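These are the residues of each chain, in order.
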Amino acid sequence: MLIQIILVVGVIAVGIFFTRPTGSDSHLALRRLFLGFFVVIAILSIIFPTWLTWFANLIGVGRGADLLLYALVLAFLIFVSTTYRRNVQINRRITQLARQITLAKAAIDDVDSDEDRRRQDES
């Protein structure tokens, strides 16, 4: 019974931690819904462990632990995929910003060199 209480408190703490706004998260509502669903399922699975086995048998998986493993593998693959896509977008944005900075610096250098030439011509 003590382990169930510890696990439920842990799941709720993780759920609260991950639903906090991070500033520029455009999919926060969807993430909160999925996380809320996860927290409810996790708590039910901790309190009623036979429920997970019953559900696993209902969908054709032998044991609840196997179903949990399959769900975690799927969640991991989704995480890796979304992280990869986000990193590609960030790298593209960094490349664009570096190009803009380089072009702006080159324009400033051109203006500075033109002013230097004018000063030399005036002297």
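Cut-offs and rules
- Residues numbered from 1 in each chain as written.
- Predicted model: local features only at pLDDT ≥ 70, side-chain atom pairs only at ≥ 80, totals over all residues.
- Heavy atoms only, no water.
- Helix = DSSP H or I, 4+ residues; strand = E, 2+ residues; numbered from the N terminus.
- Buried < 20%, exposed > 50% of the residue type's maximum accessible area, 1.4 Å probe, protein only.
- Contact = heavy atoms within 4.5 Å.
- Areas by Shrake-Rupley, 256 points an atom, 1.4 Å probe, with all protein chains shown as cover.
- Salt bridge = Lys/Arg side-chain N within 4 Å of Asp/Glu carboxyl O.
- Core = buried A, V, L, I, M, F, W, Y, C linked by side-chain atoms within 4.5 Å.
- Phe/Tyr/Trp six-rings, centres within 6.5 Å; stacked < 30°, edge-to-face > 60°.
- Patch = residues over 30% accessible without salt bridge, like charges linked within 9 Å, V, L, I, M, F, W, Y side chains within 5 Å.

**Q** Looking at this structure, I do not really get the overall build of the protein. What am I missing?
**A** Each helix and strand in the protein was counted, giving 4 helices and 0 strands. The helix and strand sequence of the protein, counted from the amino end, reads α-α-α-α. In the protein, buried positions account for 12% of the 123 residues. Put simply, 36% of the contacts in the protein that link residues at least 6 apart link residues at least 24 apart. Accessible surface, the protein: about 10,300 Å² in total, of which carbon and sulfur atoms supply 68%.

**Q** Can you walk me through the pattern of salt bridges in this structure?
**A** Scanning all chains against the criterion turns up 1 salt bridge. Ionic pairing is found between Asp66 and Arg63, a salt bridge with its closest N-O pair at 3.0 Å.

**Q** I'm lost on the nonpolar core in this one. Help?
**A** Side chains of a nonpolar character, in soluble globular proteins, are inclined to be buried together. If you look at the biggest cluster of nonpolar residues, it comprises 6 residues: Val8, Val11, Val39, Ala42, Ile43 and Ile46. Counting residues per element, the ones that place at least two in this core are α1 (2-19) and α2 (28-47). Take this core: its biggest share by element is 4 residues, from α2.

**Q** In this structure, what is going on with the packing of aromatic side chains? I would like to understand it.
**A** Any aromatic ring pair is given by two values, namely how distant the centres are and how the planes are angled relative to each other. Considering all chains together, one arrives at 1 aromatic pair under this definition. Ring centres of Trp51 and Phe55 lie 5.8 Å apart, and the angle between their planes is 10°; this geometry places the pair in the stacked category. Highlighted residues: Trp51 and Phe55, both in helix α3 (residues 49-58), separated by 4 residues, approximately one helical turn. Exposure remark for Phe55: the relative accessible area of 32% places this residue in the partly exposed category.

**Q** Just to check I follow, could you spell out a nonpolar patch on the surface for this structure?
**A** A contiguous nonpolar surface patch, about 710 Å² in accessible area, is contributed by Leu69, Tyr70, Val73, Phe76, Leu77, Phe79 and Val80. You can see Tyr70 is positioned in helix α4 (residues 64-122).

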